[in-house]
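So the chains spell out like this:
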Amino acid sequence: MKINKVKGTYDVLPSESIKWQKLEQFLKRILTNYNYEEIRTPIFEYSEVFHRDSEMSDMVTKETYNFLDRGNRNITLRPEGTAGVIRAFVENKMYVDGFNKLFYIGPNFRYERPQKGRYRQFYQFGVEAIGSIDPLLDAEVIILGYHIMNELKLDNILVKINTLGDDKSKLVYEDELRKHFMPHKAELCKDCQERIDKNPLRILDCKIDMHHEAVINAPTPYDFLTGEAKTHFEKVVEELDKANVPYEINKRLVRGLDYYSHTVFEIDAKIEGFGAQNTLLGGGRYEKLVEELGGPKTSAVGFASGMERLLYAIEIENKDFFKAKAIDAFLLTLDENSKNYQTKLLYDLRSEDLKVDAMYIERSFRSALKFALNQNPKYLLILGENELKNNSIQVKDTKTEKQEEVLLKDLINYLKEEK
Ligand code: AMP
């Protein structure tokens, strides 16, 4: 019986997984340079970690994979990274350190309508800087996101920032939104009718009502900021200016999760072929989540970025990123006798930290050569009767096509010298 993959999932075959590895290595280098440390949390958690009373986003209320395990516990596959990280942060009392900078890379699960750039299992990398309200940290996190896109040579991006204000400003703003939407209640979708009472901010990014005049003309958080919230945001903006990081203030940006306050931001791709799924990265400051998950009052700021979209953007904008040499050398033996030397030669080269491989299937020389070149080796190593007689091997640079006969005893040095 042939069974296919589940809708909204995909396989990463070797030709693609090499790209994933490159991207992951690249990200880990930059994240580590900013002194973020990796945290790995489970892909499933008790449902309450995500299904909190305060969280009304579609992502959590409608898109999570929930199930009862065999012990009748309510379990949810994580739809996002932050809540699990904060659960672990609290459980492991990481707050005693005062301040933590964490990053994660891993899969999330959302029951959404699959389309290009939108999957039911997808990878995110993200950061959480936990334990400080310093606006310089909001700026650092935004700059880190920008830095990553910039170093990936994604030129056609747009950094959008906004502030939702602190909790005090948010309460006033939410009341204003209620007053604003009440007269239009009957015209809004069923969900939004409920949102007026429970969480009016969510109406602003409703996919159904997004073109309704009342949504378009809704007041923005900016008009209701407390002095403190305003000063915080101004400082973030000032720091971005000092660092020459380009951005646009978008007063309508609210982001999809309910735990945000103060700064929110997004990096969008203005890249052809992206369509509606053009957000590469999104994040913001959150002030209540640590407390909600049983920890002390703690302010934090972070972002998450979708890696499938990032790979797709790199594919369009910076193909060279993936083009690096795949292996150092590929060995072709010309007859049975030379093949007897293959295993030992490979072992010797690999012991010297060289990435090498050889043919394991019977092929004509022509098709063996094609197979070898497909592995993208820097060198071809060719061993035949004549070479064996001379204790040597032919070494061909696949780029310059220059070929030299090298003594076997000099081979390691030769390959390493040129690396
Ligand atoms: P969010 O966690 O919804 O703020 O999303 C953060 C980033 O994750 C987005 O900007 C996307 O790049 C990515 N993302 C979110 N949902 C999906 C999905 N279903 N499939 C692929 N990428 C996604």
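Attention here is on the structure that accompanies the text. (Residues numbered from 1 in each chain as written. Predicted model: local features only at pLDDT ≥ 70, side-chain atom pairs only at ≥ 80, totals over all residues. Heavy atoms only, no water.)

The subject of this paragraph is the site of the ligand. Around the ligand, the structure places 15 residues, and the nearest of them are Arg-110, Glu-112, Tyr-119, Gln-124 and Arg-255. One of the side-chain N or O atoms of Arg-110 is found 2.7 Å from an oxygen atom in the ligand. Separating an oxygen atom of the ligand from a backbone N or O atom of Thr-279 is a distance of 2.9 Å. Isolated, the ligand exposes 480 Å² of accessible area, and the fraction of that covered by the protein chains is 92%. Of the residues in the shell around the ligand, the class split is six nonpolar, four polar and five charged. (Near = heavy atom within 4 Å. Polar contact = N/O pair within 3.5 Å; in protein donor to acceptor, adjacent residues only side chain to side chain. Areas by Shrake-Rupley, 256 points an atom, 1.4 Å probe, with all protein chains shown as cover. Nonpolar A, V, L, I, M, F, W, Y, C, P; charged D, E, K, R; others polar.)

With mixed pairing, eight strands are arranged side by side in an open sheet as 1-5-6-11-10-9-7-8. The strands lining the two open edges of the sheet, one partner per strand, are strand 1 (37-38) and strand 8 (248-249). In this sheet, strand 9 (residues 260-269) lies alongside strand 7 (residues 157-163) in antiparallel orientation, the contact comprising seven bridges. The residue bridging Ile-157 from the neighbouring strand is Ala-269, located in strand 9. (Pairing = 2+ DSSP bridges. Helix = DSSP H or I, 4+ residues; strand = E, 2+ residues; numbered from the N terminus.)

Two numbers describe how helix 1 (residues 14-33) lies on helix 4 (residues 135-151): the axes approach to 11 Å, and their chain directions differ by 140°. Regarding the angle of helix 1 to helix 4, the classification is oblique. The handedness of the crossing between helix 1 and helix 4 is right-handed. On helix 4, the residues touching Phe-26, Leu-27, Arg-29, Ile-30 and Leu-31 of helix 1 are Leu-144, His-147, Ile-148 and Glu-151. Residue composition of the contact of helix 1 with helix 4, grouped by class: six nonpolar, one polar and two charged. (Axes fitted to C-alpha atoms, helices over the stretch in contact; angles between N-to-C directions. Parallel < 35°, antiparallel > 145°, perpendicular 65-115°, else oblique. Left-handed = near helix turned anticlockwise from the far one by under 90°. Contact = heavy atoms within 4.5 Å.)

Where burial is concerned, most of strand 14 (residues 377-383) is hidden: six out of the seven residues are buried. For strand 12 (residues 327-333) and strand 14, the ladder comprises six bridges, and the chain directions are parallel. Counted as the bridge partner of Ile-327 is Pro-377 from strand 14. Examined bridge by bridge, strand 14 and strand 15 (residues 392-397) share four bridges and lie antiparallel to one another. Bridging across to strand 15, Leu-380 finds its partner in Lys-396. (Buried < 20%, exposed > 50% of the residue type's maximum accessible area, 1.4 Å probe, protein only.)

A separate point is the packing of aromatic side chains. A complete count under the given rule lists 16 aromatic pairs for this structure. A ring pair is formed by Phe-89 and Tyr-95, whose centres lie 6.1 Å apart and whose planes are at 65°; its orientation type is edge-to-face. With a relative accessible area of 27%, Tyr-95 lands in the partly exposed category. Taken together, the aromatic side chains of Tyr-10, Trp-20, Tyr-119 and Tyr-123 make up a single cluster linked through ring pairs. Sitting above the plane of the Phe-322 ring, Lys-19 keeps its charged end 5.3 Å from the centroid. A cation over an aromatic ring shows up here: Lys-22 above the ring of Phe-321, its NZ or CZ 5.1 Å from the ring centre. (Phe/Tyr/Trp six-rings, centres within 6.5 Å; stacked < 30°, edge-to-face > 60°. Lys NZ or Arg CZ within 6 Å of the ring centre and 35° of its normal.)

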